[in-house]
Amino acid sequence: MTVVNIRNMVCRHCVAAVTSILERLNIPFESVEIGSAMIDETALDAETIEKLDKELAKEGFERVVDNDSMIVEKIKHAVLHHVRNEEECHLNLSACVEERVGIPYDTLSRIFSQKEGRTIEKYHIAQKIERVKELLGYGQMNLAEIADRTGYSSASHLSRQFKQVTGMTPSEYIRLTPNRKPLNEV
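What you see is a predicted model; the values in this text were computed from it and never measured.

Asks: Would you explain the pairing of strand β3 (residues 36-39) in this entry?
Replies: Across a regular strand the side chains alternate sides, sitting on one face of the sheet and then on the other. Relative to β3, strand β1 (residues 2-7) runs antiparallel, the two being bridged by 4 bridges. When the sheet's bridge partners are listed, Val-3 is paired in β3 with Met-38. Pairing of strand β2 (residues 29-33) with β3, which is carried by 4 bridges, proceeds in the antiparallel orientation. Bridge pairing links Val-32 to Ala-37 in β3. The turn linking β2 back onto β3 is made up of 2 residues, and Gly-35 within it adopts a positive phi angle of 95°.

In structure tokens form, the structure reads like this:
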């Protein structure tokens, strides 16, 4: 078995989509996790890899083939962990990313900026805002509770950053977006 790293996998739905692709292409695999799949290397001839790449691209995924791209994916997963597990992750962003990736932050920051065209911090803010949108959509918490849950110092700080990133206030976003189903109803 060999690990095939896959870019843009961020949730359980992505895992299900990649699993479906592998099954459809009859590629033997052991497991699929966020960011990677454990695949039987004997099944990966040039033709199969080409088909896999095409199917992954249709779903917005891509195989990661160079070392810097693999590091960028690890950084993204570390940032997602930091955003999604804020209560658990008591470290600041740079310490969390450095600890999870195992490379000094200044090196990670340089690689990320070169490959992505934005800083780790900008990516972190974008992911935090996506998390805020998700929580707003559920309609189960007020803005102060969401600010606390997502690591903002106050609801007004959250509102300012939300407007800066999305171009609208959280209230406008709520008014324009249909409610999400709570996770226990999905």
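Anyway, onward from the coordinates.
Asks: Can you walk me through the pattern of salt bridges in this structure?
Replies: If the charged atoms of two oppositely charged side chains come close together, the side chains can form a pair. A full pass over the atoms with the stated rule returns 13 salt bridges. Glu-73 serves as the salt-bridge partner of Lys-76, at 3.9 Å between the closest nitrogen and oxygen. Highlighted residues: Lys-76 and Glu-73, both in helix α3 (residues 67-84), separated by 3 residues, approximately one helical turn. Judged by relative accessible area, Lys-76 falls into the buried class, the value being 9%.

Asks: Help me out: how do you make sense of the sheet that holds β2 in this one?
Replies: To summarise the sheet geometry, strands pair through backbone hydrogen bonds and adopt either a parallel or an antiparallel arrangement. Taken in spatial order, the 4 strands line up as β2-β3-β1-β4 in an open sheet, and their pairing is antiparallel. Two strands close off the open sheet at either side, each with one partner strand: β2 and β4 (62-63).

Asks: What should I look at first to understand the packing of aromatic side chains in this one?
Replies: For any pair of aromatic rings, the description rests on two quantities: the centre-to-centre distance and the angle between the ring planes. Inspection of the entire model under this criterion finds 2 aromatic pairs. An angle of 70° between the planes, with centres 5.6 Å apart, marks the rings of Phe-162 and Tyr-173 as edge-to-face. With Phe-162 in helix α8 (residues 155-166) and Tyr-173 in helix α9 (residues 170-176), this residue pair connects regions lying 11 residues apart in the sequence. Accessibility assignment for this pair places Phe-162 and Tyr-173 in one class, buried. The side chain of Lys-128 reaches across the aromatic face of Tyr-152, ending 4.0 Å from its centre.

Asks: Would you mind going over helix α4 (residues 93-101) with me for this structure?
Replies: Since the α-helix advances by 3.6 residues per turn, residues separated by three or four positions end up pointing in the same direction. For α4, the complete set of buried residues consists of Leu-93, Cys-96, Val-97 and Val-101. Considered in projection along α4, the buried side chains sweep an arc of 110° and stay on one side of the axis. Against α3, α5 (105-116) and α6 (120-138) lie the buried residues of α4. Taken from the residues just after α4, Gly-102 is the one with a positive phi, measuring 80°.

Asks: Honestly, the packing of α3 against α5 in this entry has me stumped. Any pointers?
Replies: Between two packed helices, what matters for the description is the angle formed by their axes and the separation of those axes. The geometry of α3 relative to α5 is characterised by a closest axis approach of 9 Å and an angle of 105° between their N-to-C directions. Taken together, the axis directions place α3 and α5 in an arrangement best described as roughly perpendicular. Facing Asp-68, Ser-69, Ile-71, Val-72, Ile-75 and Lys-76 of α3, the residues of α5 in contact are Leu-108, Ile-111, Phe-112, Lys-115 and Glu-116. A per-class count over the contact of α3 with α5 returns 6 nonpolar, 1 polar and 4 charged.

Asks: Looking at this model, I keep getting lost on the environment of Ala-43. Mind explaining?
Replies: In this structure, Ala-43 sits in the loop between β3 and α2 (46-58). Classification of Ala-43 by relative accessible area gives buried; the value is 18%. Taking the C-alpha atoms as reference points, Ala-43 and Ile-27, separated by 16 residues in sequence, lie 6.3 Å from one another. With sequence-adjacent residues up to four places away left out, Ala-43 is seen in contact with Ile-27, Pro-28 and Thr-48.

Asks: How should I be thinking about unusual backbone geometry in this particular structure?
Replies: Working note: non-glycine residues mostly have negative phi, and peptide bonds are mostly trans. The phi torsion at Asn-8 lies on the positive side, around 80°, for a residue other than glycine. Using a relative accessible area of 36% as the deciding quantity, one classes Asn-8 as partly exposed. Even without glycine at this site, Asn-26 takes up a positive phi of about 55°. In this fold, Asn-26 is placed in the loop between α1 (12-24) and β2. Look at Asn-26 and you get exposed, because its relative accessible area is 67%.

Criteria and thresholds
Residues numbered from 1 in each chain as written. Predicted model: local features only at pLDDT ≥ 70, side-chain atom pairs only at ≥ 80, totals over all residues. Heavy atoms only, no water. Pairing = 2+ DSSP bridges. Helix = DSSP H or I, 4+ residues; strand = E, 2+ residues; numbered from the N terminus. Salt bridge = Lys/Arg side-chain N within 4 Å of Asp/Glu carboxyl O. Buried < 20%, exposed > 50% of the residue type's maximum accessible area, 1.4 Å probe, protein only. Phe/Tyr/Trp six-rings, centres within 6.5 Å; stacked < 30°, edge-to-face > 60°. Lys NZ or Arg CZ within 6 Å of the ring centre and 35° of its normal. Arc of directions from axis to C-beta. Contact = heavy atoms within 4.5 Å. Axes fitted to C-alpha atoms, helices over the stretch in contact; angles between N-to-C directions. Parallel < 35°, antiparallel > 145°, perpendicular 65-115°, else oblique. Nonpolar A, V, L, I, M, F, W, Y, C, P; charged D, E, K, R; others polar.

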